[in-house]
Amino acid sequence: MSTFKKITSTAYPLPEENIDTDQIIPARFLKATNREGFGENLFRDWRYHKDGSINTDFVLNKAQYAGAILVAGHNFGCGSSREHAAWALKDFGFSVVISSFFADIFKGNALNNQVLPIQVTPEYLQKLLQTIQKDPTTEIEVNLDVQTVTFGDHKATFEIDPYKKLCLQNGYDDIDFLVSKLAAIEAFEKQHIY
């Protein structure tokens, strides 16, 4: 896994509220058990018409938008607990999702898959969405070390579980974290063998 310290990127604005995991990755695409290939079907029913043609009105299909950051409306990732939603976001190329609220299970799944969910105030979110929609070249800086998100003169702080922060900073999953502590575990065992 790659490390995450700081990212500066443009973003896709998706102001819709209550985006659930079935909208993020529809259930009919959940047949695979590995993480690759899900990005192709991210927001499938919004990105494509029923006949399979591209919906040019959907933000992910608009040429003026790009980047590793998705800025979404309130209550992102609600609905079922499918981890595939985080897989699809990561596979598409997103490293960060910014919203004013995340469903708890989605938030955990995102962090476990190296997608940083950043919760900001509704006011900050609205200003960010408006700015991106007005100027798609707007760059957003996310600094995990100091837990800030900044665009222009607007800066906000965000909360993150210290363990998950450590894992993102070092590119660890749960197993990698345990392996990183192997020397300390072995030293402890040597001192406590009876």
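Scroll up to find the structure this text is about.
In this report, the structure presented in the accompanying data block is examined.

With respect to the side chain of Asn 113
Line of reasoning, step 1. Locating Asn 113 in the fold gives a position in the loop between helix H4 (104-112) and strand E5 (116-119).
Line of reasoning, step 2. Asn 113 gets classed as buried once you look at its relative accessible area, which sits at 5%.
Line of reasoning, step 3. Engagement of the side chain of Asn 113 in a polar contact is seen with the side chain of Trp 87, the distance being 3.2 Å.
Line of reasoning, step 4. A polar contact is formed between the side chain of Asn 113 and the backbone oxygen of Asn 109, at a distance of 2.8 Å.

Some words on unusual backbone geometry
Line of reasoning, step 1. In this structure, Asn 75 takes a positive phi of about 65° despite not being glycine.
Line of reasoning, step 2. Inspection of the secondary structure assignment puts Asn 75 in the loop between strand E3 (69-72) and helix H3 (84-92).
Line of reasoning, step 3. Even without being glycine, Gln 147 reaches a positive phi, approximately 60°.
Line of reasoning, step 4. Here Gln 147 shows up in the loop between strand E6 (140-143) and strand E7 (148-151).

Looking at the pattern of salt bridges
Line of reasoning, step 1. Within this structure, the stated rule accounts for one salt bridge.
Line of reasoning, step 2. The salt bridge involving Arg 82 is made with Asp 22; its shortest N-O contact spans 3.0 Å. With Arg 82 in the loop between E3 and H3 and Asp 22 in helix H1 (residues 21-24), this pair connects stretches of sequence that are 60 residues apart.
Line of reasoning, step 3. You can call Arg 82 buried: its relative accessible area is 17%.

Comments concerning the packing of H3 against H4
Line of reasoning, step 1. Interaxial distance between H3 and H4 falls to 8 Å at its minimum, and their mutual angle equals 45°. Regarding the angle of H3 to H4, the classification is oblique. Between H3 and H4 the crossing geometry is right-handed. Taking contact as the criterion, the partners of Ala 85, Ala 86 and Leu 89 in H3 are, on H4, Phe 106, Asn 109 and Ala 110.

Observations regarding the side chain of Asn 41
Line of reasoning, step 1. The residue Asn 41 is located in the loop between H1 and helix H2 (44-47) in this model.
Line of reasoning, step 2. If sequence neighbours within four positions are ignored, Asn 41 has contacts with Ile 24, Ile 25, Pro 26, Phe 29 and Arg 47.

Here we look at the sheet that holds strand E2 (residues 11-14)
Line of reasoning, step 1. The strand order E2-E3-E4-E5 describes an open sheet built from four strands, whose pairing is parallel. Either end of the sheet is taken by a strand with one partner, and the two such strands are E2 and E5. Here the strands of the sheet are splayed against their neighbours by 20° on average, with no regard to which way each runs.

Structural notes on the pairing of E3
Line of reasoning, step 1. With burial as the criterion, each face of E3 is covered, one bearing Ile 69 and Val 71 and the other bearing Leu 70 and Ala 72.
Line of reasoning, step 2. Two strands pair when backbone bridges link them, and E2 and E3 are joined in this way by four bridges, in the parallel orientation. Paired with Leu 14 across the two strands is Ala 72, which belongs to E3.
Line of reasoning, step 3. With three bridges connecting them, E3 and strand E4 (residues 96-99) associate as parallel partners. If you follow Val 71 over to E4, its bridge partner there is Ile 98.
Line of reasoning, step 4. With H3 bridging E3 and the parallel E4, this β-α-β connection has right-handed handedness.

What to know about the sheet that holds strand E1 (residues 6-9)
Line of reasoning, step 1. Pairing is antiparallel across the open sheet formed by four strands, whose spatial order is E1-E6-E7-E8. Looking at the sheet topology across the chains shown, the edges are occupied by E1 and strand E8 (154-157). Strand after strand, the sheet turns through a mean of 10° between neighbouring axes, direction not considered.
Line of reasoning, step 2. Judged from the four bridges that link them, E7 and E8 form a sheet pairing that is antiparallel. Bridging across to E8, Thr 150 finds its partner in Lys 155.

Here is what the cut-offs are and how they apply
- Residues numbered from 1 in each chain as written.
- Predicted model: local features only at pLDDT ≥ 70, side-chain atom pairs only at ≥ 80, totals over all residues.
- Heavy atoms only, no water.
- Helix = DSSP H or I, 4+ residues; strand = E, 2+ residues; numbered from the N terminus.
- Buried < 20%, exposed > 50% of the residue type's maximum accessible area, 1.4 Å probe, protein only.
- Polar contact = N/O pair within 3.5 Å; in protein donor to acceptor, adjacent residues only side chain to side chain.
- Salt bridge = Lys/Arg side-chain N within 4 Å of Asp/Glu carboxyl O.
- Axes fitted to C-alpha atoms, helices over the stretch in contact; angles between N-to-C directions.
- Parallel < 35°, antiparallel > 145°, perpendicular 65-115°, else oblique.
- Left-handed = near helix turned anticlockwise from the far one by under 90°.
- Contact = heavy atoms within 4.5 Å.
- Pairing = 2+ DSSP bridges.
- Right-handed = clockwise from strand over helix to strand, strands pointing away.

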